[in-house]
Every structure is written in structure tokens, then in C-alpha cells.
Amino acid sequence: ACAACGTDLFASSTKFDSGTGWPSFFDKLAGVELETGNVADALVMRAEVHCDKCGGHLGHVFDDGWIWSVPTNKRYCINGLSLTFKPSATQA
């Protein structure tokens, strides 16, 4: 969930170890907004991702998920400080 406003962003089931040191996910929930049109991001083949509710910067998404054979071919590379863990109802 977003550390700033609590919006659900990613499901734990989509987290994977990319070896980058950043929390990585292969899919997002509806609370994640992609920023498009940034020329600098386009040059390095990524898009910035924000919380849809509060606009907080979360990290970037890359189209290199094929390296890890994830189903979407996406790697959401997220700043761990922008996230907080919310146990699911079955874990609570």
C-alpha cells in the first residue's frame, strides 16, 4: 500500500526478486498510475509510476520483465520507502 495515503498498489503474489535491491512486481492494482510523455524516461525505456490517489512517486516500470520470465513482461521497480505492508484479510 502507499505509505502516504494507504491506497492498495500491488499484491504480494506479484512480487519477485529481480536482484536489483528494489522491491519488484510484475503487475499493479488500480491504485497505480503510469506517467507517459516524459522524454527522459522514454530514452531509458521506462515510465514513472505514481499513487493514483495522492500522486506520490513510487518508482518506475520497465518492459524488461522477460528477463525474469514474469507473465506481464513488466518490472515495477518501486522505492521501498513509498510502500507499507498491509496484511490481507486471510493473514490478519
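This one's a predicted model, so the numbers in the text were calculated from it and none came from an experiment. (Residues numbered from 1 in each chain as written. Predicted model: local features only at pLDDT ≥ 70, side-chain atom pairs only at ≥ 80, totals over all residues. Heavy atoms only, no water.)

**Here's the deal with the nonpolar core**
Then step 1. Counting twelve residues, the largest nonpolar core consists of Cys-2, Leu-9, Phe-10, Phe-25, Val-32, Ala-47, Val-49, Cys-51, Leu-58, Val-61, Tyr-76 and Ile-78.
Then step 2. Elements with a contribution of two residues or more to this core: strand S4 (46-51), strand S5 (57-62) and strand S6 (75-78).
Then step 3. With near-sequence residues (within four places) excluded, Phe-10 lies in contact with Phe-25, Asp-27, Lys-28, Leu-29, Val-32, Tyr-76, Ile-78 and Leu-83. (Core = buried A, V, L, I, M, F, W, Y, C linked by side-chain atoms within 4.5 Å. Buried < 20%, exposed > 50% of the residue type's maximum accessible area, 1.4 Å probe, protein only. Helix = DSSP H or I, 4+ residues; strand = E, 2+ residues; numbered from the N terminus. Contact = heavy atoms within 4.5 Å.)

**Remarks on the packing of aromatic side chains**
Then step 1. The full count for this structure, using the stated rule, is three aromatic pairs.
Then step 2. With 4.4 Å between their ring centres and 15° between their planes, Phe-10 and Phe-25 make a pair best called stacked. Here Phe-25 lies in strand S2 (residues 24-25) and Phe-10 lies in the segment before strand S1 (15-16), a separation of 15 residues in the sequence. Each member of the pair, Phe-10 as well as Phe-25, carries the same accessibility label: buried.
Then step 3. Every member of this aromatic cluster is reached through a ring pair, and the members are Phe-10, Phe-25 and Tyr-76.
Then step 4. Note that Arg-75 overlies the ring of Phe-62, its terminal NZ or CZ placed 4.4 Å from the centroid. (Phe/Tyr/Trp six-rings, centres within 6.5 Å; stacked < 30°, edge-to-face > 60°. Lys NZ or Arg CZ within 6 Å of the ring centre and 35° of its normal.)

**Focus: the pairing of S4**
Then step 1. A large share of S4 lies buried, amounting to five of its six residues.
Then step 2. As defined by bridge partners, strand S3 (residues 32-35) adjoins S4 across four bridges and the pair is classed as antiparallel. The partner of Glu-35 across the bridge, within S4, is Glu-48.
Then step 3. Relative to S5, S4 runs antiparallel, the two sharing five bridges. Bridging from a neighbouring strand, Arg-46 pairs with Phe-62 of S5.
Then step 4. In this structure, the hairpin formed by S4 and S5 is closed by a connection of five residues, where Gly-55 is found at a positive phi of approximately 80°. (Pairing = 2+ DSSP bridges.)

Structural measurements only, silent on function.
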